[in-house]
Protein chains: 2
Amino acid sequence: MRMPPVSPEVTEFRQQIREQRWSGDFAQVPSGFTMGTVLMLPEAMAGDFLLFCQRNQRAAGLLQVSEVGSPVPGPLAPDVDIRTDLHSYRVFRDGELVERVADISHLWREDFVTFTLGCSLTFEHALTQAGVTRGDGRVYQTSLPATPVGAFRTNLSVTMRAMTTPNVIRAIQVTSRFPATHGGPIHFGTPEAIGVDMGEPVFGGRPAIADDEIPVFWACSATAVDAAQAAAPDLLITFDPPYMLLTDQPVEASSVF
Amino acid sequence: MRMPPVSPEVTEFRQQIREQRWSGDFAQVPSGFTMGTVLMLPEAMAGDFLLFCQRNQRAAGLLQVSEVGSPVPGPLAPDVDIRTDLHSYRVFRDGELVERVADISHLWREDFVTFTLGCSLTFEHALTQAGVTRGDGRVYQTSLPATPVGAFRTNLSVTMRAMTTPNVIRAIQVTSRFPATHGGPIHFGTPEAIGVDMGEPVFGGRPAIADDEIPVFWACSATAVDAAQAAAPDLLITFDPPYMLLTDQPVEASSVF
């Protein structure tokens, strides 16, 4: 894909993050660009993780994979230095979360491979434009096992948005246009059918769902983070939700129709 | 749209109908071609009917409209003589069904305009290929009023297919590819929300719906036939369900992506 010139707004926003000047106010994030979930793993485990993503594509769609040791995450964000350009990072040692930091330059390793995965914030933009979401989705872990690869194994995570029946139909149409970032939902209605307790999201409280609304569930890239944590590399660094990587790719550029 | 050469299978099948040799066995209908609902009205009422179709596009998508007095229904079936090439016809006088006939040559009028409307048998083919329908749909009239135009007024009719939740998602994706023939569904789940009593289809009995299945409703061109009957022209001739017009257009040629 040919990329358009980087938006000055994106460049300026990245500069704010790099210099740790961004407050974390999402209203300041340039809208309309593909967002990515980011993980860094040692090269020794990268092959298995790549295969895990391939076998769990709905949840873990790969947008780009870096060269080994390169701080450039890939062609969708060629000006990014992944060591400084996320708002914050989670650091896991042997599968345990040990700290959250704003810069990982001191932790960088020459054997790191950086993975950028599709995130539902991408189609959230299209859903918002279609008027079918309130932007108050929740993340849940289901009882559905993801396809395991080696030590990478976990249950599927999903994002949930509640909406009326006509909006469910519209949301399926809108999100199916974005197969690289989860595509259409994997389930709606009955949360218990996929082992979800609506009162127990991974973040936040029980969502407000009106009587005429139906919960709709999309596969979520948190699945890949959970699998990587389970695989317990000596060092794993991930994005710190909800602070994704802002890529240069306009959301509509990843629509397949 | 450029049309491919007419399939010899289609030509042979039409010849059987024209000579009243077809038994009505649907297994013999060439598969993979767009099917149409057909109505013939006096020119004096054609303008209002055209507007009714435009204002109720989800139900009454126009595939083609003939020249006044021409027995050729339009570019999607240029070799058809509409007076002989349907299996059977319904004849309405002043809104009352007076007879069913296999040939309307003796009833033909120089002021007739022939309308061909998109029919869900078109996407039924795509749904069957996707493995999400049993082909035992039902037609219902809802309590939702269609947008009236002059004397053309009725409630919206729908076709219903029952399927599991993953297949609802797949069916919405598949049928949204065919906006000229109803596109995505207008409703699913709660039949009562659109005034449908599942035990009272327009044709056939109560459908078999398994515990894990959801009824899904698509707008139906029966809406246009009902409106035309309500408008009560002195002479109205329509197709006789389920015997649609077989056009030359491959189903996939009307897919928008």
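See the structure shown above.
Residues numbered from 1 in each chain as written. Chains lettered and ligands numbered in written order. Predicted model: local features only at pLDDT ≥ 70, side-chain atom pairs only at ≥ 80, totals over all residues. Heavy atoms only, no water.

Draft legend 1. Region of the structure containing the overall build of chain A. Each helix and strand counted, chain A has five helices and eleven strands in total. The C-alpha atoms of chain A give a radius of gyration of 18 Å, which matches the 18 Å a tight globule of 257 residues would have. When each of the 257 residues of chain A is scored for burial, the buried share is 56%. Sequence-distant contacts, at least 24 apart, represent 78% of the contacts inside chain A between residues at least 6 apart. Taken as two groups, the 18 positive and 29 negative side-chain charges of chain A have centres that lie 4 Å from each other. (Helix = DSSP H or I, 4+ residues; strand = E, 2+ residues; numbered from the N terminus. Rg over C-alpha atoms; globule rule 2.2 N^0.38 Å. Buried < 20%, exposed > 50% of the residue type's maximum accessible area, 1.4 Å probe, protein only. Contact = heavy atoms within 4.5 Å. Lys, Arg positive; Asp, Glu negative; His and termini not counted. Charge placed at Lys NZ, Arg CZ, Asp CG, Glu CD.)

Draft legend 2. Region of interest: the layout of surface pockets. Taken as a whole, the largest pocket holds about 970 Å³ of empty space. Lining the largest pocket are 38 residues; nearest its centre among them are C119(B), S120(B), L121(B), P242(B) and M244(B). Listed by contribution, the elements that provide at least two residues to the lining of the largest pocket are β1 (33–42), α3 (121–130), β6 (138–145), β7 (155–164) and α5 (222–231) of chain B. For the second largest pocket, the calculated volume is near 740 Å³. Along the walls of the second largest pocket sit 33 residues, with V139(A), T159(A), F203(A), P242(A) and M244(A) positioned nearest its centre. (1 Å grid on protein atoms, 1.4 Å probe; cavity = no way out; pocket = protein on both sides within 12 Å on 5 of 7 lines; lining within 4 Å. Points joined across faces, edges and corners; volume = space filled by probe spheres on them.)

Draft legend 3. How the structure looks around the packing of helix α2 (residues 43–55) of chain B against α5(B). All names here are of chain B. Their axes nearest at 11 Å, the elements α2 and α5 cross at an angle of 145°. Both α2 and α5 take part in a crossing whose hand is right-handed. Packed against α2, whose contacting residues are M45, F49 and F52, the element α5 presents T223, A224, A227, A228 and A231 at the interface. (Axes fitted to C-alpha atoms, helices over the stretch in contact; angles between N-to-C directions. Left-handed = near helix turned anticlockwise from the far one by under 90°.)

Draft legend 4. Quick look at the sheet that holds strand β9 (residues 213–219) of chain B. With antiparallel pairing, the four strands of this open sheet are ordered in space as β6-β7-β9-β8 (chain B). Of all strands in the sheet, those bounded by a partner on one side alone are β6 and β8 (187–188) of chain B. (Pairing = 2+ DSSP bridges.)

Draft legend 5. Molecular detail of the relation of the copies chain A and chain B. The two copies are related by a screw motion: chain A maps onto chain B through a turn of 180° and a shift of 0.0 Å along the axis, at an RMSD of 0.0 Å. On the angle and the small slide along the axis, the relation comes out as a two-fold axis. An overlap of 100% is found between the interface residues of chain A and their copies at the interface of chain B, pointing to a shared contact surface. (Least-squares fit on C-alpha atoms with pLDDT ≥ 70 in both.)

Draft legend 6. Spotlight on helix α4 (residues 165–176) of chain A. Between the first and last C-alpha of α4(A) there are 17 Å, a value that for twelve residues agrees with the 16 Å anticipated at 1.5 Å per step. Taken together, the buried positions of α4(A) are T165(A), V168(A), I169(A), A171(A), I172(A), Q173(A), V174(A), T175(A) and S176(A). On its buried face, α4(A) sits against α3 (121–129), β7 (155–164) and β9 (213–219) of chain A together with α4 (165–176) and β8 of chain B. (Expected span 1.5 Å × (residues − 1).)

Draft legend 7. Examining the nonpolar core more closely. By size, the foremost hydrophobic cluster in this structure holds 49 residues, and its most contacted members are M40(A), F49(A), I82(A), I104(A), L117(A), F152(A) and I237(A). Sorting the residues of this core by element identifies α1 (8–18), β1 (33–42), α2 (43–55), β3 (89–93), β5 (112–118), α5 (222–231), β10 (236–239) and β11 (245–250) of chain A as the ones contributing at least two each. Those residues within four positions of M40(A) in sequence are excluded, and the remaining contacts are I82(A), Y89(A), I104(A), W108(A), F112(A), V113(A), T114(A), L235(A), L236(A) and I237(A). One finds I17(B), V29(B), L41(B) and L246(B) within the second-largest nonpolar core, a separate group that totals 48 residues. (Core = buried A, V, L, I, M, F, W, Y, C linked by side-chain atoms within 4.5 Å.)

Draft legend 8. View of the packing of aromatic side chains. Residues and elements named next belong to chain B. One pass over the structure, following the stated rule, counts 20 aromatic pairs over all chains. For the ring pair F13 and W22, a centre distance of 5.0 Å and an interplane angle of 70° mean the geometry is edge-to-face. Classification of F13 by relative accessible area gives buried; the value is 5%. Taking the relative accessible area as the measure of exposure, W22 reaches 8% and is therefore buried. (Phe/Tyr/Trp six-rings, centres within 6.5 Å; stacked < 30°, edge-to-face > 60°.)

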